[in-house]
Amino acid sequence: MGESYAKQIDAWPSLTQMFFDQAARLGDAPMLSRKIGGAWVVISWAQAAATVASLADALAAIGIAPGDRVMLVSENRPEWCLADLAIMAAGAVTVPAYITNTEADHLHILSDSGARAAIVSSQKLAATLLPAIAGAPACTAVIGIDKLRTGVASVGAVRLHDWATLIAAHAADVPGVAARQIAQRGDLACLIYTSGTGGAPRGVRQHHGAILRNVAGAAAVIEEDFPPEPGGELFLSFLPLSHAYEHTAGQFMPIAVGGQIAYAESLDKLAANIEEVRPTLMVVVPRLFEVLRTRIARAIEKQGGIAVVLFNRALKLGRKRYEQGELALWERPLDALLDRTVRAKVKARFGGRLKAMIAGGAPLNPDVGIFFEALGVTLLQGYGQTEAGPVISCNRPAAKIKMHSVGPPLGGVEVRIADDGEILVRGELVMHGYWNDAVGSAAALQAGWLHTGDIGKLDADGHLIITDRKKDIIVNDKGDNVAPQRIENMLTLQPEIVQAMVAGDKRPYLVGLVVPDPEWSLCWARDKGMDPSPDSLAREPEFQRALMAAVDRVNGRLAQVERVRRIVVADAPFTTDNEQMTPSLKIRRHILKAVYGERLDRLYAS
């Protein structure tokens with residue numbers, strides 16, 4: 001780019017101007033790729049620009065005016081990015097929606113946003129979307145990326161359009177469309193509806209400058225802390241693009257640095273896709289690493305013998321290097337051998353050229369971070385929220401990575417801690433408020449500061465340390481404050497427990513809701529000669545005692561007020577399908593308490 005990423009990004013007036021400028025510079029270089037029919041199909045920057053320009057003109061032709069909202073419902077694929085850019089290039093506002101949304105979820109977002117049109121990727125997703133559109137009179141057009149097999153050109157007053165046909169009918173002059181980009185940094189770019197850990201989603205008004213400033217700060221971390229990648233950075237996208245984290249860091253950051261985005265086929269095929277595309281950077285959530293940590297450890301255990309010995313030595317020396325900064329002279333030859341053997345094999349599973357995985361969206365257990373650091377996989381924990389673009393801070397490899405922290409604030413971000421411990425944020429990255437919610441906006445934005453609702457502190461090095469969500473803090477009957485997320489993270493690191501929620505507000509002690517690890521449960525049942533079905537095991541006192549033994553191991557490392565005294569075994573795992581987790585894999589406490597509240601309350605009565 002000839003100058004620093006941050007300086008160039010700060011000079012762009014809008015996300016669309018950034019894209020068209022990069023497309024003009026990079027031309028036939030690869031931009032987007034997706035696996036189709038067993039092969040990776042690549043779209044160049046020039047091809048992407050032509051599609052975006054044509055679709056922008058097509059949107060205008062079907063009546064989409066500047067400022068109109070357009071809903072986007074699609075799994076991660078190149079067309080998601082192209083549609084998002086085209087909506088903005090037409091002067092409209094993108095309204096991303098999760099593919100896991102119910103009809104009621106879609107109706108809420110359509111009605112609240114007043115979306116004039118919707119773009120949907122497939123017949124399957126349209127089956128949930130179209131009934132919702134019938135109840136949203138503002139929406140007059142639906143564009144199907146794949147052909148929608150309805151057999152009609154319209155549904156009621158809603159006109160149906162085919163993506164390819166619409167684009168072909170509006171071939172556009174790319175420089176002409178690029179020249180018409182008049183959006184400024186303060187203009188609304190998208191409405192991202194928060195996933196609702198505690199209630200109905202609200203539309204966060206993200207402006208062009210919020211995302212650009214976020215991207216500039218994140219790109220500066222890459223530029224300062226990693227050597228440039230010949231041929232450009234390659235990002236593997238798999239988190240939902242409807243989530244602000246992937247939308248900014250997994251889509252617009254690659255565009256800003258002139259990188260390439262490959263879209264993973266699915267979560268099940270993620271490991272294979274990583275080895276195939278060999279990404280240099282990935283945006284991830286901590287839950288993925290908790291699962292990978294368990295799988296890696298179990299795979300080594302099954303190998304047995306020398307593999308276990310070397311693996312444990314790699315972990316021990318890696319942890320020592322992390323904690324003390326260096327190894328003793330006599331330890332270095334063995335550590336170098338482990339680099340070429342154990343760690344090299346782990347790195348190969350991640351493609352062999354991965355610089356870092358940037359973790360956000362939920363707290364990362366420090367033990368998980370140290371585990372991967374010890375194996376040679378750089379994991380940078382960051383922090384943010386949709387209301388702040390969303391990235392606020394991130395660990396830096398050039399400085400001392402602190403796994404218990406979320407790193408220092410990004411460039412252009414001010415952070416201070418309120419008297420009650422709440423984290424406050426100020427800067428261009430902060431939203432302009434919630435859509436149609438003046439009361440919520442006034443509560444969140446006070447005197448120019450975003451009140452995050454998170455509790456934390458800044459250490460002597462300027463690293464931000466998150467304690468908990470302000471609204472999730474448990475206050476027991478004695479007035480002690482307890483942060484549940486840290487305890488839950490510790491519980492889920494036990495081999496017997498895969499998910500957990502802690503409760504105990506205004507109670508004498510804490511209780512827990514736990515989901516047993518299915519593989520461990522099966523082995524335990526076989527050893528005991530018992531019925532391995534979850535329903536049967538949940539009723540077995542001996543099974544519950546085995547789970548409680550795991551809880552007690554954690555209790556031994558906790559203060560008295562933090563200890564979990566009794567537990568309930570969950571009926572089923574927490575998932576997005578049963579609405580007990582958000583699409584970004586955070587537990588929905590209010591849903592879990594509604595389902596299990598009576599059983600948790602009974603733990604105090606007996």
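It should be noted that the structure appears before, not after, this text.
Notes on the structure follow.

As for the overall build of the chain
Here is step 1 of the chain: Helix and strand content of the chain: 21 helices and 26 strands.
Here is step 2 of the chain: On C-alpha atoms alone, the chain measures out to a radius of gyration of 25 Å, which is about the 25 Å that the 2.2 N^0.38 rule sets for 606 residues.
Here is step 3 of the chain: Along the three orthogonal principal directions, the C-alpha set of the chain runs to about 65 × 60 × 50 Å.
Here is step 4 of the chain: Across the 606 residues in the chain, those meeting the buried criterion constitute 55%.
Here is step 5 of the chain: Relative to all contacts within the chain whose residues are 6 or more apart in sequence, the contacts with residues 24 or more apart total 66%.
Here is step 6 of the chain: Surface exposure of the chain reaches about 24,900 Å², of which carbon and sulfur atoms provide 54%.

Examining the packing of helix α2 (residues 15-26) against helix α10 (residues 244-256)
Here is step 1 of the chain: One can describe the packing of α2 onto α10 by two numbers: an axis separation of 9 Å at closest approach and a directional angle of 50 degrees. One finds that α2 runs oblique with respect to α10. Two secondary-structure elements touch here, α2 through Leu15, Met18, Phe19 and Gln22 and α10 through Phe252, Ile255 and Ala256.
Here is step 2 of the chain: Taken together, the residues of the contact of α2 with α10 sort by class into six nonpolar, one polar and no charged.

Let's talk about the environment of Trp12
Here is step 1 of the chain: Within the secondary structure, Trp12 sits in the loop between α1 (5-11) and α2.
Here is step 2 of the chain: You can call Trp12 buried: its relative accessible area is 4%.
Here is step 3 of the chain: C-alpha of Trp12 to C-alpha of Arg185: the two residues are 173 residues apart in sequence and 8.1 Å apart in space.

Quick look at helix α21 (residues 589-602)
Here is step 1 of the chain: Of all bends in α21, the biggest is about 70 degrees, found at Tyr596.
Here is step 2 of the chain: Among all positions in α21, only Arg589, Leu592, Tyr596, Gly597 and Leu600 are buried.
Here is step 3 of the chain: In the core, the buried residues of α21 are packed alongside α17 (484-491), β24 (497-503), β25 (510-516) and β26 (564-569).

Digging into the pattern of salt bridges
Here is step 1 of the chain: Applying the stated criterion across every chain yields a total of 36 salt bridges.
Here is step 2 of the chain: As a salt-bridge pair, Arg298 and Glu519 come within 3.2 Å of each other at their nearest N and O atoms. On the criterion of sequence distance, the pair formed by Arg298 in helix α12 (residues 286-303) and Glu519 in helix α18 (residues 518-528) is long-range, its members being 221 residues apart.
Here is step 3 of the chain: Under the relative-accessibility criterion, Arg298 is labelled partly exposed at 21%.
Here is step 4 of the chain: Asp459 is paired through a salt bridge with Lys402; the nearest N and O atoms lie 2.7 Å apart. Of the two residues, Asp459 sits in the loop between β20 (449-458) and β21 (464-469) while Lys402 sits in the loop between β16 (391-394) and β17 (414-417), which places them 57 residues apart along the sequence.
Here is step 5 of the chain: Residue class for Lys402 comes out buried when judged on its relative accessible area of 13%.
Here is step 6 of the chain: Overlapping salt bridges bring together Asp10, Arg185, Arg213 and Glu428 as one network.

Definitions and cut-offs
Residues numbered from 1 in each chain as written. Predicted model: local features only at pLDDT ≥ 70, side-chain atom pairs only at ≥ 80, totals over all residues. Heavy atoms only, no water. Helix = DSSP H or I, 4+ residues; strand = E, 2+ residues; numbered from the N terminus. Rg over C-alpha atoms; globule rule 2.2 N^0.38 Å. Buried < 20%, exposed > 50% of the residue type's maximum accessible area, 1.4 Å probe, protein only. Contact = heavy atoms within 4.5 Å. Areas by Shrake-Rupley, 256 points an atom, 1.4 Å probe, with all protein chains shown as cover. Axes fitted to C-alpha atoms, helices over the stretch in contact; angles between N-to-C directions. Parallel < 35°, antiparallel > 145°, perpendicular 65-115°, else oblique. Nonpolar A, V, L, I, M, F, W, Y, C, P; charged D, E, K, R; others polar. Bend = angle between axes of the 7 residues up to and from the residue. Salt bridge = Lys/Arg side-chain N within 4 Å of Asp/Glu carboxyl O.

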